[in-house]
Amino acid sequence: GMIHVVVVALIASLARVCADAPPASMRLMLGSCNKANVEQPFWGEIARRAPAAWIWMGDNVYADTKRLSYRETFKELSNSFQGKATTPFGVESSVFIMATAERIRQQYEMQRRVPGYQKLMKSSRILGTWDDHDFGINDGDRRYPFRDMSQDLFLDFLDEPLESGRRKQKGVYTSHTLQVGGHKVRVVLLDVRFHKTPYCSWPARLPCMDEEKDFLGPDQWKWLNETLQNSDSDFNLIISGIQILPELRWQGENWSRFPLARKRLLNTVLNSGARGVLFASGDVHFAEISRAVCRPVSDKSEVCAAHQRELWEVTSSGMTHSWGTHSRFMQTALKVVMTVHPYYYQQYLYTGLNIAQMDLQWPANSTRGRGGKEEGEGGDVTIKVVTKNGSEAVSFRLPLQLLSD
């Protein structure tokens, strides 16, 4: 009798505790394009905002170097045209000098000695991927001769355990699952350098329509597909060193340089069933928020969803240098380019030094899961572009439901 009553009361109180799951929140902060040898204004602000994780999005240091004079550049161009190029990149390395492994090591060591960054390493989890300048050469790809050494040095920089699977594979791609309350956040880090095929034109930056042109390589595609299909996270943040949504940017790198690879990436994401998908990227030396409305399309080009789906991308680039820190002439040039050639997906733009912040919040009683719609409902992400003085140039909120179906 009495024991039965106590057990029932206990079960009832446990049920109530489960039902009254408290609100949950998590903060992520991200940035890219960071020179190790100049003033770095953001670390104090990042520490004050105390993110669960800091995420490097590429060009975390600048290991390659610019040629010192036009004369050197013309000499390398001339050699390349005569078939005597000094690097595997030929004319493409006429402006930048490829980094040696020693130079990459020096840059990472310099970055790790920055006091503000050392402090952050103690208080927040550090995650990240790379892009071209930390990989070792501007616009770099699989031809870079020191890519294996560069991978080891990058993983040392991130304190990746020696026994990590990431050290046994070719490329730095990986995913991390972070947990808060009953909720999971998946950070998917792509490597757009190690297996990237060369571009088809230089210096013109034309789209390469060839099916062989690719950023990820077969193993990474297989891994990405499985990672997203198996993800039971409420929020899946997919990070690429270069931009994914913006198209036809002749003056820079982005996924639309290989249109078929870009289409494959969007289809992989849309057909995966992964919920709460958001893209993030660096590279361009400004902050930009992009929004595209897509229909998931199978490889046979059949529309396989009756409704449209929104895809958003947060680009944050320029921790130590950006378009806004250039001369007035360069700033005007960017404005002219963006006016003459407006960016179809652009929602917001900020050209000063910047980092990004994502605040995930779930109300009380929301639980995790891929199943019924009700399960993940109610959560949202607030996206902020944070400036050098700690103010917010952009701040807006997206419901996770909007990013899910």
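Since the structure is predicted, the reported quantities are computational estimates derived from the model, not experimental observations. (Residues numbered from 1 in each chain as written. Predicted model: local features only at pLDDT ≥ 70, side-chain atom pairs only at ≥ 80, totals over all residues. Heavy atoms only, no water.)

J.: I'm lost on the overall build of the chain in this one. Help?
T.: A count of helices and strands for the chain gives 11 helices and 15 strands. Residues classed as buried in the chain amount to 55% of the 405 residues present. Taken as a whole, the chain presents about 18500 Å² of accessible surface, with 55% of it coming from carbon and sulfur. (Helix = DSSP H or I, 4+ residues; strand = E, 2+ residues; numbered from the N terminus. Buried < 20%, exposed > 50% of the residue type's maximum accessible area, 1.4 Å probe, protein only. Areas by Shrake-Rupley, 256 points an atom, 1.4 Å probe, with all protein chains shown as cover.)

J.: What's the story with the pairing of strand S9 (residues 277-281) in this structure? I'm lost.
T.: Consecutive residues of a regular strand have side chains that alternate between opposite faces of the sheet. Judged by how many residues are buried, S9 sits mostly within the fold: 5 of 5 residues are covered. Residue alternation in S9 divides its side chains into two sets, Val-277, Phe-279 and Ser-281 and Leu-278 and Ala-280, and both sets are buried. Pairing analysis gives 5 bridges linking strand S8 (residues 235-240) to S9, with the strands arranged parallel. From the neighbouring strand, Asn-236 faces S9, where its bridge partner is Val-277. Alignment of S9 against strand S11 (residues 309-315), held across 3 bridges, turns out to be parallel. By the bridge assignment for S11, Phe-279 is matched with Glu-313. (Pairing = 2+ DSSP bridges.)

J.: What's the story with the pairing of strand S7 (residues 183-189) in this structure? I'm lost.
T.: When you tally the buried positions in S7, you get 7 out of 7 residues, the bulk of the element. Burial along S7 is two-sided: the face carrying His-183, Val-185, Val-187 and Leu-189 and the face carrying Lys-184, Arg-186 and Val-188 are both buried. As paired elements, strand S6 (residues 174-180) and S7 share 7 bridges and run antiparallel to each other. Across the sheet, residue Gln-179 finds its bridge partner in S7, namely Lys-184. Linkage of S6 to S7, two consecutive antiparallel strands, is achieved through a turn of 2 residues, within which Gly-181 is found at a positive phi near 55 degrees. Where S7 and S8 come together, 5 bridges link them in parallel fashion.

J.: How should I be thinking about the nonpolar core in this particular structure?
T.: It is characteristic of soluble globular proteins that their nonpolar side chains tend to be buried jointly. Formed by 35 residues in total, the largest nonpolar core has its most connected members in Trp-43, Ile-46, Trp-54, Trp-56, Tyr-144 and Ile-355. Of the residues forming this core, the biggest block, 4 residues, is contributed by helix H7 (residues 147-157). Contacts of Trp-43, omitting those with residues within four sequence positions, involve Trp-54, Trp-56, Gln-111, Val-114, Gly-116, Tyr-117, Leu-120 and Met-319. (Core = buried A, V, L, I, M, F, W, Y, C linked by side-chain atoms within 4.5 Å. Contact = heavy atoms within 4.5 Å.)

J.: Explanation requested: the sheet that holds strand S1 (residues 24-31) in the structure shown.
T.: Read across the open sheet, the 6 strands follow the order S5-S2-S1-S13-S14-S15; overall the sheet is mixed. This sheet does not close on itself; its edge strands, each paired only once, are strand S5 (125-129) and strand S15 (392-399). Geometrically, the sheet is characterised by an average inter-axis angle of 20 degrees between neighbouring strands, direction not taken into account. Here S1 pairs with strand S13 (residues 354-362) via 7 bridges, running antiparallel. In the strand pairing of S13, Ala-24 is matched with Trp-362. (Axes fitted to C-alpha atoms, helices over the stretch in contact; angles between N-to-C directions.)

J.: Looking at this structure, how should I read the packing of helix H4 (residues 101-112) against H7?
T.: Packed helix pairs are characterised by how far apart their axes lie and by the angle those axes make with each other. Between H4 and H7, the shortest axis-to-axis distance is 10 Å and the interhelical angle comes to 10 degrees. Comparing the axis directions of H4 and H7 gives the class roughly parallel. When H4 is examined against H7, the residues Ala-101, Ile-104, Arg-105, Tyr-108, Gln-111 and Arg-112 are found in contact with a partner set consisting of Met-149, Ser-150, Leu-153, Phe-154, Asp-156 and Phe-157. In the contact of H4 with H7, the residues fall into 7 nonpolar, 2 polar and 3 charged. (Parallel < 35°, antiparallel > 145°, perpendicular 65-115°, else oblique. Nonpolar A, V, L, I, M, F, W, Y, C, P; charged D, E, K, R; others polar.)

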